[in-house]
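# An overview of the molecular structure
This is what each chain is made of:
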Protein chains: 2
Amino acid sequence: MPSEKSLRTFAAHVIDHVDNEVVLRGWVHRLRVLANTAFVVVRDCTGAVQGVCDTPSFPGPHIKLDDTIELRGRVRKDSRAKGGCEIAIREIRLLNEAGHKLPFNSSGNIESVGQEARLEYRPLAARNDAIGNVFRIQALILHYFRAFLCKQHFTEIVTSKIVASGTEGGTNLFKIDYFDRVAYLAQSPQFYKEHGVAAFERVFETGHVFRAEPHASSRHLTEYYSLDLEMGFIDGPEDVIELERDLLCWVFEQLNQHHWDLLRQYRQAPLPSLRAAPVWEFHECLEMLGREYGTRHLCNDLDPEAERQLCALAHSRTGVAAAFVLGFPAAGRPFYSAPRGATGTVQSFDLLYEGLEITTGGQRLHTRAALESSLRSRGIDATGFDSHLRMFELGMPPHGGLAIGLERLTAQILGLQNVREAALYPRDRYRLHP
Amino acid sequence: MPSEKSLRTFAAHVIDHVDNEVVLRGWVHRLRVLANTAFVVVRDCTGAVQGVCDTPSFPGPHIKLDDTIELRGRVRKDSRAKGGCEIAIREIRLLNEAGHKLPFNSSGNIESVGQEARLEYRPLAARNDAIGNVFRIQALILHYFRAFLCKQHFTEIVTSKIVASGTEGGTNLFKIDYFDRVAYLAQSPQFYKEHGVAAFERVFETGHVFRAEPHASSRHLTEYYSLDLEMGFIDGPEDVIELERDLLCWVFEQLNQHHWDLLRQYRQAPLPSLRAAPVWEFHECLEMLGREYGTRHLCNDLDPEAERQLCALAHSRTGVAAAFVLGFPAAGRPFYSAPRGATGTVQSFDLLYEGLEITTGGQRLHTRAALESSLRSRGIDATGFDSHLRMFELGMPPHGGLAIGLERLTAQILGLQNVREAALYPRDRYRLHP
C-alpha cells in the first residue's frame, strides 16, 4: 500500500504538472549516484523521466537497475532534460526488487546478449527498446491491418483451431487427444474463411496457425500468427493482389507517418511504397532467373534463393525489393486453387518482399463440381471433404484471398535475420519453451 | 469474366449514381415475379438494393433466392424505395447458383430453423441478419475492446498456444503430439501476460483458449475466445475492476451510439451503464443469498443459480443486472492469486452480468517467494514452475488483470440462451464439426 494514497502520473504526462508534486511508478532505467547528486531515470509504459536528489540524504532504500519503484517529487522545468522537465525527488519506495544476479540489464546493450538468453529472459529483453519495439511495431501492424479491412467492409471472424481434418490433405498436422477422439490443430483458417465469404462476402481473421514442419530454418515456425482475408465477387486474383497492394501501402504509410520514432531504430529509410512492385508470371520468373542467374532447377515452386534473386531484380528495375508472382503450376498449390487458363497453372500468387515470401494468395474454385474434379485429379478422396463441399451449394460467389505471416512481415520490415526474433515465444521442432 | 468489364458498385453507394448505370454483385435476397413486373433485391456486404424490370423481357437466366448474381442497370431516384433509389435492370448474369434443395433460405425466418441446421449450414444461417449480426456485433466488441486498451497505453501481444505445461496445475488440458514429445494447448495466456507486464507494463491479448471440460452445458465451450489484459503498478484488484468498468462502459456506449441499428434486433433498450454496478465481497454475497433466497450450500464459489440471483439483487438495488464479486476464498482460486488480508480470501473477482459470470480477474502475487509459498501450501511441486518463477526476479511490478469470455459477453449482451449461438463454430465435448 502506498505511504500516501495518491494518483499516479505517467512519465509522458509529467510535463503537464510543472511545479506540482507527482507520483511516478516504473522501473529503474538508469541510475547514476555521484558524491553529491543522484540521478534516477524511471521508466513506465509511456516513457521515461529523470528524478534528481542529493546523494547524502537519498530519500529511500537502496535501489538498483530494473527494480520497480515509486518515486514522489516536485516537477521542475528544465530545458536540458529529455521531455523538458525533471523531478526533485522527495521519496522513493521499492515496490519489488529485481534479482541480484540478473543475466543482463534491460537498459544495457542488448546486441551483446545472445539469442538464447533473449528468449529465456523474454520480459527483461523486451523491456529493452531494441527488442520491445519489434513487438510494439508488430502490434501496430495488427492494428492497421484490421483498421484498413474494416473500412473496406470486411467483417472480422473467429474460427475454430481444433478441427476434425486438415485443409491440405492431412500432412504436417499436429494431433490432439480430443476426449475419446482424435482432432487436429488447424493449419489454416482457409475453409472457414471461404465459408465466411458465403456468409459475409468479405472476412478477415488474425490468429494462430499450426504446422508440424520438421525443419527448423530461419524462416519457419511450427506456430505462427496469420493475417487472413478472403473476399467475394472478384474477377480474378488481380483483385486480391490490388487489395493487398492498397493494404500494405496504407499500413506502411501509417507506420512511416506516425511511428518513425520506432522504425528508425531498425531502418535508415522509411518503408517503401509497394505501388511500383511488379506482378510477374511464374514462367516469366523462371525465364528471368535462368537468364540473369543461370538458375535451371526450379519447376513447380520458387526456393529461398530464387525469392532473394527476384526481389533483387525487382529492386533494380523498379526501386522496390518486392514482387507479386502469379500463375504457379497447379502441382505446387492446393486443390482449391482456380485454374489459370488451360496451361496447368493456377490463379495463385505469392508476394515476395525483401527476399522472402510473406504472402500466399489466389483465386479459389467456387463450384462444388470443380472442387470435386480437382480432388479427383489429385487422387484425393472427396468424401472426406463432403461437409466442406456442401458449403459451395449455399450461394458461393467467385472469391479469393490471402494470408500474410505476421512474424515474417515484421522481420522483413525491420530487417531481422530470423523470423524467431519477431515472435515473442517462438515454437519450432525443438523449442517448446518458454 | 464479365460481359463488359466495369467497376462494381456496392449497394450502399448506389444512391451516389442516380441516372447512371451501375453494376451490382451479390446474392438474390428477395425475388418477386409478377405478370408484368419482376423485383430482384440484391444484397452484398454493404446492404441491399432493389432492381426492377419487365417480366416478359426478363434480361437474364432463371434465378432463385441465394444465387449469386451480377445485376446491371440504371439508377433512378424513388422516394418509396428503401435507400431512396432503385435500379432499372438492363442485364442479369448468374455468377454461381445455389443448390436446388437448400435446407432453408437465408432471407427466410431463421427462428423456425433448428440449432443443428443453423450450425450445419453456418454460411447460409449467417447470411441472415438475425444470425449474421450476432457476429458483426462480436467483431465490434473486439474492435472497441482493443481500441480502448490502446488508448490506455496497453500493448497487444501474441503468445504461444502450444505449451509445455498448464497454468493451473495440469487439469483440463488437451494433449498434443509434438514431434517426439507431449505438449498441451494453452488453457489461458495467464503466465505469458504476467511476463508481458514485466516487459511492457500493460498488455492485452485476444485469442483462443482451450479447456478439456467434459461437461457440455449452455455456458461452456472447450475452445473459446478470451479477451485478456494484465496491468502493472496497481494498488489492488479495485484498480482492475475500475478499468473493466471504464472499458465496458465505453464499449457499450459505442455500441449504443453507433450500432443501435444492429443491437435493436436483439434488445428493446440500449445497453446499460455499468457505472452503478456494485462491488460486493464474496462473504456479503453468501449472506445476501442466505437472507434473500435461503441459499446455504455455497462455500468456495458461486454456482449458476447464485449468479442469476446476485444479478437480480443488483438489478433491484441499482437498476443494473451486474455485480463485481470480490474476495473469493483462496481454495477456489489459482495459486497465483494475491491474499486479501489474513482471512483466507484472495484479491480475486468475478463480474456477473445478466446472470452469468463473464469475467474472472484479480491481483496476482508478484514475488517469487510468495508464489513458492502458495504452491507449497497447495501441495504443488514448485520445480515444474521454475522457468515461470524466474520471471518474477526480473523486475516484476505488483500487477493484476482479467479475462472476458467473448462468446459469453456477446451472448449476454444480445440475450442469447446458449453460448454456442455466439460462436461461429462452437466446440464442446461432443462437437468437433463443422
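Residues numbered from 1 in each chain as written. Chains lettered and ligands numbered in written order. Predicted model: local features only at pLDDT ≥ 70, side-chain atom pairs only at ≥ 80, totals over all residues.

### With respect to helix H9 (residues 368–377) of chain B
Residues and elements named next belong to chain B. For H9, the full list of buried residues reads Arg368, Ser374 and Leu375. Down the axis of H9, the smallest arc covering the buried residues is 130°, so these residues share one side. Turned more than 90 degrees away from the buried face of H9, the exposed residues are Ala369, Arg376 and Ser377. Among the structural elements, helix H10 (386–390) are those in contact with the buried residues of H9. Looking one or two residues past H9, Gly379 carries a phi angle of roughly 70°, positive in sign. (Buried ≥ 20, exposed ≤ 12 C-beta atoms within 10 Å, placed from the backbone. Helix = DSSP H or I, 4+ residues; strand = E, 2+ residues; numbered from the N terminus. Arc of directions from axis to C-beta. Contact = placed C-beta atoms within 7 Å.)

### Here we look at the domain arrangement of chain A
On domain assignment, one finds that chain A holds domain 1 (11–96) and domain 2 (126–422). Relative placement of domain 1 of chain A and domain 2 of chain A: their C-alpha centres are 47 Å apart. (Domains from an automatic or database assignment.)

### A word on the relation of the copies chain B and chain A
For the pair chain B and chain A, the best superposition has an RMSD of 0.0 Å and corresponds to a rotation of 180° with a translation of 0.0 Å parallel to the axis. Put plainly, the chains are arranged around a two-fold axis. Ranked by how close their C-alpha atoms come to the rotation axis, the residues of chain B are headed by Ile176 of chain B, at 2.3 Å. (Least-squares fit on C-alpha atoms with pLDDT ≥ 70 in both.)

### Details of the sheet that holds strand S2 (residues 37–44) of chain B
Residues and elements named next belong to chain B. The mixed closed barrel is built from five strands, whose spatial order is S1-S2-S3-S5-S4. The average angle at which neighbouring strand axes cross in this sheet is 50°, direction not considered. Bridge count between strand S4 (residues 68–77) and strand S5 (residues 85–96): 10 bridges; the pairing is antiparallel. Residue pairing for S5: Arg76 is matched across the bridge by Glu86. (Pairing = 2+ DSSP bridges. Axes fitted to C-alpha atoms, helices over the stretch in contact; angles between N-to-C directions.)

### Digging into the packing of helix H7 (residues 282–293) of chain B against helix H8 (residues 304–318) of chain B
Helix-helix packing: each pair is described by the crossing angle between the helix axes and the interaxial distance. Residue and element names in this part refer to chain B. Two numbers describe how H7 lies on H8: the axes approach to 11 Å, and their chain directions differ by 85°. Judged by the inter-axis angle, H7 sits roughly perpendicular to H8. Between H7 and H8, the contacting residues are Cys285, Met288, Leu289, Glu292 and Tyr293 on the first element and Ala306, Gln309, Leu310 and Leu313 on the second. Classifying every residue of the contact of H7 with H8 by side-chain character gives seven nonpolar, one polar and one charged. (Parallel < 35°, antiparallel > 145°, perpendicular 65-115°, else oblique. Nonpolar A, V, L, I, M, F, W, Y, C, P; charged D, E, K, R; others polar.)

### What about the interface of chain B and chain A?
Taken together, the 78 residues of chain B in the interface contact 78 residues of chain A. A total of seven residues in the side of chain B that touches chain A trace back to one element, the largest contributor, which is helix H3 (residues 129–151) of chain B. Across the side of chain B that touches chain A, the residue classes break down as 40 nonpolar, 18 polar and 20 charged.

### Here we look at the environment of Ser107 of chain B
Residue and element names in this part refer to chain B. Along the chain, the position of Ser107 falls in the loop between S5 and helix H1 (115–120). The class for Ser107 is partly exposed, based on 19 C-beta atoms found within 10 Å. In this view, Ser107 contacts His29, Arg30, Leu65 and Asn128; residues no more than four positions away in its chain are not counted.

### A few points about the sheet that holds strand S11 (residues 223–232) of chain B
Residue and element names in this part refer to chain B. Strand order across the open sheet formed by eight strands is S6-S10-S11-S16-S15-S14-S13-S12, with mixed pairing between neighbours. Among the strands making up the open sheet, the edge pair consists of strand S6 (155–156) and strand S12 (279–281). Where strand S10 (residues 202–210) meets S11, nine bridges bridge the pair, whose relative direction is antiparallel. Residue pairing in the sheet places Phe210 in a bridge with Glu223 of S11. Sitting on the sheet, H3 touches S6, S10 and S11, and the angle it makes with S10 is about 155°. Running at roughly 140° to strand S15 (residues 356–363), helix H5 (residues 237–258) makes contact with S11, S12, strand S13 (322–326), strand S14 (348–353), S15 and strand S16 (399–405) of the sheet.

### Describing unusual backbone geometry
All names here are of chain A. Residues His433 and Pro434 are joined by a peptide bond in cis, for which omega reads 0°. Assignment of secondary structure puts Pro434 in the segment after helix H11 (406–414). If you check the backbone angles, Phe233 has positive phi at about 60° while not being a glycine. The buried category is assigned to Phe233, around which 23 C-beta atoms lie within 10 Å.

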